[in-house]
Amino acid sequence: MKIDPATLDRKSAHDVMVGVALPRPIAFISTAGENGIYNLAPYSFFIPLSAKPAIVGVGIGRKRDGSKKDTLVNIEFSRDFVINVVTESLAEAMNQTSGEYPPEVDEFQVAKLTPEKADLVKAPMVAESPVRMECRLLQILEYGEFPSIHNFVIGEVIRVHVKDEFWADGEIQSSRLKTIGRMGGDSYCRMTNIFEMKRPVIPPKK
Ligand SMILES: Cc1cc2nc3c(=O)[nH]c(=O)nc-3n(C[C@H](O)[C@H](O)[C@H](O)COP(=O)(O)O)c2cc1C
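For the structure given in this document, a descriptive report is provided here.

Cut-offs used in this document
- Residues numbered from 1 in each chain as written.
- Predicted model: local features only at pLDDT ≥ 70, side-chain atom pairs only at ≥ 80, totals over all residues.
- Heavy atoms only, no water.
- Helix = DSSP H or I, 4+ residues; strand = E, 2+ residues; numbered from the N terminus.
- Rg over C-alpha atoms; globule rule 2.2 N^0.38 Å.
- Buried < 20%, exposed > 50% of the residue type's maximum accessible area, 1.4 Å probe, protein only.
- Areas by Shrake-Rupley, 256 points an atom, 1.4 Å probe, with all protein chains shown as cover.
- Lys, Arg positive; Asp, Glu negative; His and termini not counted.
- Charge placed at Lys NZ, Arg CZ, Asp CG, Glu CD.
- Pairing = 2+ DSSP bridges.
- Phe/Tyr/Trp six-rings, centres within 6.5 Å; stacked < 30°, edge-to-face > 60°.
- 1 Å grid on protein atoms, 1.4 Å probe; cavity = no way out; pocket = protein on both sides within 12 Å on 5 of 7 lines; lining within 4 Å.
- Points joined across faces, edges and corners; volume = space filled by probe spheres on them.
- Nonpolar A, V, L, I, M, F, W, Y, C, P; charged D, E, K, R; others polar.
- Near = heavy atom within 4 Å.
- Polar contact = N/O pair within 3.5 Å; in protein donor to acceptor, adjacent residues only side chain to side chain.
- Salt bridge = Lys/Arg side-chain N within 4 Å of Asp/Glu carboxyl O.

## Regarding the overall build of the protein
Line of reasoning, step 1. Scanning the protein from terminus to terminus reveals five helices and 13 strands.
Line of reasoning, step 2. By the compact-globule yardstick of 17 Å for 206 residues, the protein fits well, its C-alpha radius of gyration being 18 Å.
Line of reasoning, step 3. The principal-axis extents of the C-alpha atoms in the protein amount to approximately 60 × 50 × 30 Å.
Line of reasoning, step 4. Buried residues in the protein amount to 39% of all 206 residues.
Line of reasoning, step 5. Approximately 12600 Å² of the protein is accessible, and the part contributed by carbon and sulfur atoms is 55%.
Line of reasoning, step 6. Side chains of the protein carry 26 positive and 27 negative charges; the gap between the two charge centres is 6 Å.

Printed below as a string of structure tokens:
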């Protein structure tokens, strides 16, 4: 099978592209709107791009009618956002917030999650998430043609909040976090069956 994504309709292209990177981490993004209403939604076209500077990227598509998703509208307004890590215990709440609610709906209330004031940005953090990243907007790129436009939002992580029980020896204890990953369709995976590999030392030690 050979596929040229540009020749596919929006849904088929989406199905192909969610199958090429598995599993994907989920950025549970909280933002504050111009109307003062908080917004929360999951985004799995998400990747940390570099460590120092600490840069992250998120791909935000359009609503079915081609209009901007609330997360993008809010980021354009406040120029900041928070990425909350999604654990197994937050999975159901995260899924609830992925509905296409109108901008006046506060998805913290929909998902029964608690907004917590961030230190440096206007966007609130999800109190229940063990790791939260306060991000400052750096750049928004735009690709595609209406209604199939995609924006790539690039941000700098300016503060990371890690709950004490998940921090030891100068690192986040990632295996304790029980994060979930997004597969294709409606499938997710758990962080079980982790294995380690030592990287080669070149030239090899004698
Ligand atoms: C696990 C998961 C991952 C998602 N990833 C993305 C994504 O990367 N980009 C995107 O545009 N929509 C993604 N969505 C869909 C959005 O969450 C959905 O369109 C949501 O209504 C957007 O909300 P907002 O308008 O409040 O920003 C995802 C949904 C789920 C359940």
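Following the structure, the description resumes.
## Considering the pairing of strand S8 (residues 131-143)
Line of reasoning, step 1. Direction of pairing for strand S5 (residues 80-85) relative to S8: antiparallel, over a ladder of five bridges. Looking across to S8, one finds that Asn 84 is bridged to Arg 132.
Line of reasoning, step 2. Summarising the sheet, S8 and strand S9 (residues 150-162) pair through 12 bridges and their orientation is antiparallel. Residue pairing for S9: Ile 140 is matched across the bridge by Val 153.
Line of reasoning, step 3. Where S8 hands over to S9, the hairpin turn is made up of six residues, of which Gly 144 adopts a positive phi near 90°.

## Comments concerning the pairing of S9
Line of reasoning, step 1. One ladder, built from six bridges, connects strand S4 (residues 55-60) with S9; its direction is antiparallel. When the sheet's bridge partners are listed, Ile 55 is paired in S9 with Glu 156.

## Observations regarding the packing of aromatic side chains
Line of reasoning, step 1. Evaluated as defined, the whole model comprises one aromatic pair.
Line of reasoning, step 2. Note on Tyr 38 and Phe 108: the rings are 5.9 Å apart at their centroids and 65° apart in plane angle, and the pair reads as edge-to-face. Residue Tyr 38 is found in strand S2 (residues 38-43), and its partner Phe 108 is found in helix H4 (residues 107-110); the two are separated by 70 residues along the sequence.
Line of reasoning, step 3. Of the residues examined, Tyr 38 reaches a relative accessible area of 29% and is grouped as partly exposed.
Line of reasoning, step 4. Residue classification places Phe 108 among the buried positions, given a relative accessible area of 1%.

## Some details on the layout of surface pockets
Line of reasoning, step 1. Its volume calculated, the largest pocket comes out at about 1600 Å³.
Line of reasoning, step 2. Taken together, 45 residues line the largest pocket, and the ones lying closest to its centre are His 14, Phe 45, Gly 61, Lys 69 and His 150.
Line of reasoning, step 3. Counting only elements with at least two residues in the lining of the largest pocket, the list comes to helix H1 (10-17), S2, strand S3 (46-50), S4, helix H2 (70-78), helix H3 (91-96) and S9.
Line of reasoning, step 4. Here the element with the most residues in the lining of the largest pocket is H1; it accounts for six residues.
Line of reasoning, step 5. Classifying every residue of the lining of the largest pocket gives 18 nonpolar, 14 polar and 13 charged.

## Here's the deal with the site of the ligand
Line of reasoning, step 1. Taken together, 19 residues surround the ligand, and among them Tyr 43, Phe 45, Gly 61, Lys 69 and Thr 71 come closest.
Line of reasoning, step 2. Within the contact set of the ligand, a nitrogen atom lies 2.8 Å away from a backbone nitrogen or oxygen of Ser 44.
Line of reasoning, step 3. A distance of 2.5 Å is found between an oxygen atom of the ligand and a side-chain nitrogen or oxygen belonging to Thr 71.
Line of reasoning, step 4. Against a free-state accessible area of 640 Å², the protein chains account for coverage of 90% of the ligand.

## Considering the pattern of salt bridges
Side-chain pairs of opposite charge can arise where the charged atoms are in close proximity.
Line of reasoning, step 1. On inspection of all chains with the given rule, the structure shows nine salt bridges.
Line of reasoning, step 2. The partner of Glu 100 in a salt bridge is Arg 64, and the shortest N-O contact between them spans 3.6 Å. Residue Glu 100 is found in the loop between H3 and H4, and its partner Arg 64 is found in the loop between S4 and H2; the two are separated by 36 residues along the sequence.
Line of reasoning, step 3. Note on Arg 64: relative accessible area 68%, which makes it exposed.
Line of reasoning, step 4. Glu 76 is paired through a salt bridge with Lys 68; the nearest N and O atoms lie 3.1 Å apart.
Line of reasoning, step 5. Glu 76 gets classed as partly exposed once you look at its relative accessible area, which sits at 32%.
Line of reasoning, step 6. Given a relative accessible area of 31%, Lys 68 falls into the partly exposed group.

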